[in-house]
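Survey of secondary and tertiary structure
This is what each chain is made of:
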Amino acid sequence: MAAPGVAGAALLVRQYFMDGFYPSGTRVEENQFLPSQALIRAVIINSGKALAGVDGVRGITESVPYDIHQGFGRISLIDSLLLRGKSKVNIYVDDRMEMTNKSPPKKYYFLIDNCDAPYFSATLVWTDKENRSTSCASCIVNRLDLTGEVNGIITYPNGLTGPDVKNNVQRVRLKSTPGDVITVKISVANLAESTQPFSLVVSGCIATLDPTTTPTNAPITPDPSSVPTVQPSFNFQPSSPPSKSNRPSRTPSEAPNAPSTKPSLALVELSTSLESKDDMWSTARGNMFNILPKKNIRLTDMDIHRYYKMTKVLEIWARKGSWKGAQYDQSKWSLLGRQEIVGGGAGKYTSINDPGWLDFDMAAGEVYGLYLRFTNNSKGLITVASKGSQNSLYAQNEDIQIMTGVASKKHFADYESEPHNWQGKLKYHVFKFPTKEPSRTSIPTVKPSLVLFELPTTLERNDDTWSTARGNMFNILPKKNIRLIDMDIHRFYSVKKVLEIWVRKGSWEEARYDQSKWNLLGRQEIVGGGAGKYTSINDPGWLDFDMAAGEVYGLYLRFTNNSKGLITVASKGSQNSLYAQNEDIQIMTG
C-alpha cells in the first residue's frame, strides 16, 4: 500500500498549490500555480516523521531516520503544508529557482517564533540530468549542496557529517528555540549543464516568510522597501510618543508641517465601506490616495483591509501634497513607520494596533498623500476598483475627506491603470485649541547646528572578557542642548536583529521596572559588526531625540526578541559614575 499512498499524497500536494492554498493556508484563487514535480517531491519528503522501529517477523528492529528501514520517515502532510486552523507549522516554498556554475550560494534567513512544531525542516529537491556514465552510476550530474546553520553550528543533509554527493533529494532537520535565526544555504558544487532548477520547502515555527534579504558581515544600510520590523515580545504603547511634526531638515522638503496645537482627547473615526464590486476584490501590493482635512487633525491609528491571516510588516508613507506627481519619486515621501500585523481576512477591518510612531499632523485645507504597502512588496491589501476618477471624493465626514487613489504593482514604480479605493478606517484627533503644545523636552525650537559630533566610548574589555547582554540602560547628561540622531553600538553576532531604542527624561534607575515611564523611539534592523568593531544603526530617520542642557536622560537599548548580543563590559566604577564625556555630553555607567 505504500506506493498508492505516496501517489495519493502527491495528488493532494499538487491540488494544494493549484487551488491557491499557499501561502495563506486558505483557498485564494489568485495564488494558484502549477507546482513542479520537484516541489511535490520536496513537500512529501519534508513531511516525513521519524519511526521508532520496524515490526518484523523476528520482533521489533530499532530504526533511526535515513537508515535502510525508514529513509525519510512516514508521510505526514499536515507537518509540511499550512492549513489554517489545522496545522502546527508555517511554511515557505521556492519553486523553479535556477542556478549556474557561477551562481553564488543562495541563502535564506528564518527567524524562529513560538509554535507547536517539534522541529525546523528544510528540503531541497531538483531533477537531475540523466547519468550516462559507465564508470560512476551513482554520481550526480548536476550537484547542489544544502546546509542549515543555527548559532554557528552547520548541519549537513540526510544525517550526514558532510555534503551529500549521491542524492538530489536533501533534507536538514534542526531543533530550534524562539529568537533563533536559521540560515538555509544552497550552493553549486558542479553543474554539467548551463543551469539547474531546484525547489525548496521549509517548515517550522517560522516568523520570517520572505527570508531572501541577504545580510553581510559588516554594517549595512537596509533598503526601506525590504526591512522588516519585528514586534517586541511585549505589547507596550508609550504614554507620550515623541512628536513627528518638527523633524530636522534630513526629511524631504515636502514633509508634513501642520500647526503644533493641542488636539482634543476624543478619538474620531472615518470608516470606508468594505464592500466589493460584483463580489470581486483586488489584492494590491500598495495603495496611494489623498486625504483632504477640513480641520486640523492628528492621525494616530488606522485599520486596513488585509486579506491573508498571516504576519506581514506594513509601511506607512506620507507627504504634504498629492500622491499624484510623486508616485515614482521616493525622495518626495516620508516613511512614518513600520508595524507588524496579522490580517483579519476579507470583509473585516484589520487593526494596525495603535502604533506609538503614528502621530501625523494635517492642517485644514491642505492636501496630504498616504501610501500603504508591505515591506516585501507582497500582495494582500484589499482594494476595489472605483467607478469614480482618480482624486474624486470617495468617503468623508465633517472633519476629513478621503479621495480615490491607485493600487500599486511595484514599489514607487508601477500602478494599476484604473482608479482604486482604499478600504479601512482612519482614527484621529481634532485640534480644538489654538494654544501651542509645549515641547517634550522644553528645548527652544531653534535650528540645530549642521555639524555632526561624535562621542565614542572604548571597545576594550576587562581580562579579555566581554559580556553579551540582552539590553543596556544608562544615563546621558548633556552639557548643551543637543539632538541625538544616530549611534553605533557594540554588537557581537553577525546576524540580523531588530534593535529597539527607548528613552525617558530622568534617570533609568527610577524607571527600570516600569515600561510606562519610557518612550519607544523606534526599531531598526541591524547586522552585527563583531567584537571590537563599531556597528552602525544606519542613521534611522526616526532617531531625533532632543536633550536639554543640565537635565538627565535615560536610554535603554535591547533586541526585540530579547536575545543576547549587545556587548558590554563590567565597570570598575559605581552605577551612574562618569564613564565617558566630551565638551557637550556625559555618558554614565549603567
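This section reports on the structure supplied with the text. All figures in this text were calculated on a predicted structure; none of them were measured in a lab. (Residues numbered from 1 in each chain as written. Predicted model: local features only at pLDDT ≥ 70, side-chain atom pairs only at ≥ 80, totals over all residues. Heavy atoms only, no water.)

1. What about the overall build of the chain?
Tallying secondary structure elements over the chain gives 2 helices and 39 strands in all. When contacts within the chain are restricted to residue pairs at least 6 apart in sequence, those whose partners lie at least 24 apart make up 80%. Here the chain has roughly 28000 Å² of accessible surface; of this, 51% comes from carbon and sulfur atoms. (Helix = DSSP H or I, 4+ residues; strand = E, 2+ residues; numbered from the N terminus. Contact = heavy atoms within 4.5 Å. Areas by Shrake-Rupley, 256 points an atom, 1.4 Å probe, with all protein chains shown as cover.)

2. Quick notes on the sheet that holds strand E6 (residues 143-150)
One open sheet holds the 4 strands; their spatial order is E4-E9-E6-E7, and the pairing between them is antiparallel. The two strands at the open ends of the sheet, each matched to only one other strand, are strand E4 (106-111) and strand E7 (153-155). Direction aside, the axes of adjacent strands within the sheet are offset by 25 degrees on average. Sheet topology note: the E6/strand E9 (residues 181-190) ladder contains 7 bridges and is antiparallel. Note on E9: the bridge partner recorded for Leu144 is Val188. (Pairing = 2+ DSSP bridges. Axes fitted to C-alpha atoms, helices over the stretch in contact; angles between N-to-C directions.)

3. Some points on the state of the cysteines
Applying the stated rule across the entire model yields 1 disulfide. The disulfide that involves Cys115 links it to Cys205, with 1.9 Å between the sulfurs. In this structure the cystine formed by Cys115 and Cys205 twists about its S-S bond by roughly -85 degrees; its chirality is therefore left-handed. One end of the pair, Cys115, is in the loop between E4 and strand E5 (120-125); the other, Cys205, is in the loop between strand E10 (196-204) and strand E11 (261-263), and 90 residues separate them in sequence. (Disulfide = S-S within 2.5 Å.)

4. A closer look at unusual backbone geometry
Geometrically, the link from Tyr22 to Pro23 is a cis peptide bond, its omega value of 10 degrees lying close to zero. Within the fold, Pro23 resides in the loop between helix H1 (2-18) and helix H2 (37-46). With a phi angle near 60 degrees, Asn158 is a residue other than glycine that sits in the positive phi range. Locating Asn158 in the fold gives a position in the loop between E7 and strand E8 (169-174). Positive phi values are uncommon outside glycine, yet Asn391 reaches one of about 70 degrees. Within the secondary structure, Asn391 sits in the loop between strand E21 (381-385) and strand E22 (393-396). The class of Asn391 is partly exposed, set by a relative accessible area of 28%. (Buried < 20%, exposed > 50% of the residue type's maximum accessible area, 1.4 Å probe, protein only.)

5. Quick notes on the pairing of E9
Counting buried positions over the 10 residues of E9 gives 7, a clear majority of the element. Strand direction decides the pairing type here: E4 and E9, joined by 6 bridges, are antiparallel. The partner of Tyr109 across the bridge, within E9, is Thr183.

6. Details of the packing of aromatic side chains
Throughout the structure, instances matching the rule amount to 17 aromatic pairs. Relative to Phe412, the ring of Tyr371 lies with its centre 5.1 Å away and its plane at 70 degrees, an arrangement referred to as edge-to-face. Taken together, the residues span a long stretch of sequence, with Tyr371 in strand E20 (residues 368-374) and Phe412 in the loop between strand E24 (406-410) and strand E25 (414-415) at a distance of 41 residues. There is no split in this pair, since Tyr371 and Phe412 are both buried. (Phe/Tyr/Trp six-rings, centres within 6.5 Å; stacked < 30°, edge-to-face > 60°.)

7. What about the sheet that holds strand E26 (residues 420-422)?
Pairing is antiparallel across the open sheet formed by 3 strands, whose spatial order is E13-E21-E26. In this open sheet, the two edge strands, each paired with only one partner strand, are strand E13 (282-284) and E26. Put simply, the sheet's adjacent strands are angled 50 degrees from each other on average, direction ignored. Pairing analysis gives 3 bridges linking E21 to E26, with the strands arranged antiparallel.

8. Some thoughts on H2
Across the 10 residues of H2, 8 count as buried, placing the element largely inside the fold. All of the buried residues in H2 are Ala38, Leu39, Ile40, Ala42, Val43, Ile44, Ile45 and Asn46.

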